[in-house]
Amino acid sequence: DTPMGLFYSRRIGRAPSGEEDLRGGLLLDKPRATSIQTAGKMSGRTTSGLTIGAISALTAQERAIVADSLGTRYSDIIEPQATYNVLRLKQDILKNSFIGLMATNAARQGESPATTGGVDWRLNFKDNMYNFRGQVAVSRTGQGRTSRETGVGTELSFSKGGGDHFGFGLNYEGLSPDFNINDLGFLRRSDIHTGQAWFNIRGNNPWRFTRRRFINFNSRGSWNFKG
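Treat the numbers as computed from the prediction; the structure is a model and nothing was measured. (Residues numbered from 1 in each chain as written. Predicted model: local features only at pLDDT ≥ 70, side-chain atom pairs only at ≥ 80, totals over all residues. Heavy atoms only, no water.)

A. The overall build of the protein chain, seen in detail. Assigned secondary structure in the protein chain consists of 0 helices and 13 strands. Scanning the protein chain from its N terminus toward the C terminus, one meets helices and strands in the order β-β-β-β-β-β-β-β-β-β-β-β-β. Relative to the globule expectation of 17 Å for 227 residues, the C-alpha radius of gyration of the protein chain, 23 Å, shows a markedly less compact shape. By its C-alpha atoms, the protein chain is 80 × 45 × 35 Å across when sized along the principal axes. Going through the 227 residues of the protein chain one by one, you find that 33% of them count as buried. Once local pairs closer than 6 in sequence are excluded, the contacts in the protein chain between residues at least 24 apart make up 52%. (Helix = DSSP H or I, 4+ residues; strand = E, 2+ residues; numbered from the N terminus. Rg over C-alpha atoms; globule rule 2.2 N^0.38 Å. Buried < 20%, exposed > 50% of the residue type's maximum accessible area, 1.4 Å probe, protein only. Contact = heavy atoms within 4.5 Å.)

B. Inspection of the pattern of salt bridges at higher detail. All chains considered together, the criterion is met by 6 salt bridges. The shortest N-O distance in the salt bridge between arginine 45 and aspartate 92 comes to 2.4 Å. With a gap of 47 residues between them, arginine 45 in strand β2 (residues 36-45) and aspartate 92 in strand β6 (residues 82-93) connect regions that are remote in the sequence. Take arginine 45: its relative accessible area is 53%, and that puts it in the exposed class. The residue arginine 88 makes a salt bridge to aspartate 120 at a minimum N-O spacing of 2.8 Å. Of the two residues, arginine 88 is situated in strand β6 and aspartate 120 in strand β8 (residues 114-125); the sequence distance between them amounts to 32 residues. (Salt bridge = Lys/Arg side-chain N within 4 Å of Asp/Glu carboxyl O.)

C. Local environment of the nonpolar core. One finds Phe7, Ile12, Tyr84, Leu175, Phe179 and Leu184 to be the most contacted residues of the largest nonpolar core, which totals 17 residues. Going through the elements one at a time, β6 and β7 (97-108) are the ones with two or more residues in this core. In terms of residues, this core owes the most to one element, β6, which gives 3 residues. Beyond its immediate chain neighbours, meaning those up to four positions away, tyrosine 84 contacts Arg11, Ile12, Ile55, Ser56, Ala57, Thr59, Glu79, Asn105, Ala106, Arg108, Asp183 and Leu184. (Core = buried A, V, L, I, M, F, W, Y, C linked by side-chain atoms within 4.5 Å.)

Below, the structure written as C-alpha cells:
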C-alpha cells in the first residue's frame, strides 16, 4: 500500500543515473543496474488492526568506463553508494476505514538526503455508501550538499458510490512546484492543481431489456500554480 506513489520499489537497484556528471568524457560502458549489497524487509499486523511495513537497503557505488578527448580510458563514479529506508503504518478504525502514515528516506553519498512523509486516510460511512479519502504529503529534497527544497502534495476525495438512483464525487489534487518524491517514489509531474466533479443517475435493477442504466455528467480542469 503506497499512497501517492511515495514508494516505488524499482528505485532500489535502479540503473545508474549519473551520466551527466562524467565531466565531459565519452561513456564507453556502465553497469546495467546498481548492486544491492544488503536489504531487509519486515511486515506484519497486530491484533489491534495496526499494519506495519518497513524496508531498508544499502546499494553499492557504481563506476563507468569513460574515455577523455585523447582516447585515454578511466573509470568514474556513475552512481554513489546509497541507503534507502521506508516505513509504513496503517491503523484500522471505525468500520472498514483506516488512517495511515508513511515516511521514506534516500541518502546518497555526497548528496543531500531526500525525505518524504505523509498521512493518508479512507473513511467509509453508511455501509460504504459514502467515502471520504485523502492524503497530505511533504517532500524535502535537494541537489548536492546544501541546496534544499520543500514541497507539499494533497489529495482529497468525497463520493457517493453505493446505493440506488444517483451517485456523485468531488476530487482535488494539488502538487506544489517543489514537490519531488522520485528519489524513492514515482511522480509524473508536479506544479499542478486538478479538480474533478461527477454526477450520475442510475438504475441498478433489471428493467425491460436492460440490466443496469447510467447517465453520467463529468467535469475536470487542471492548471499550474501560476494559474
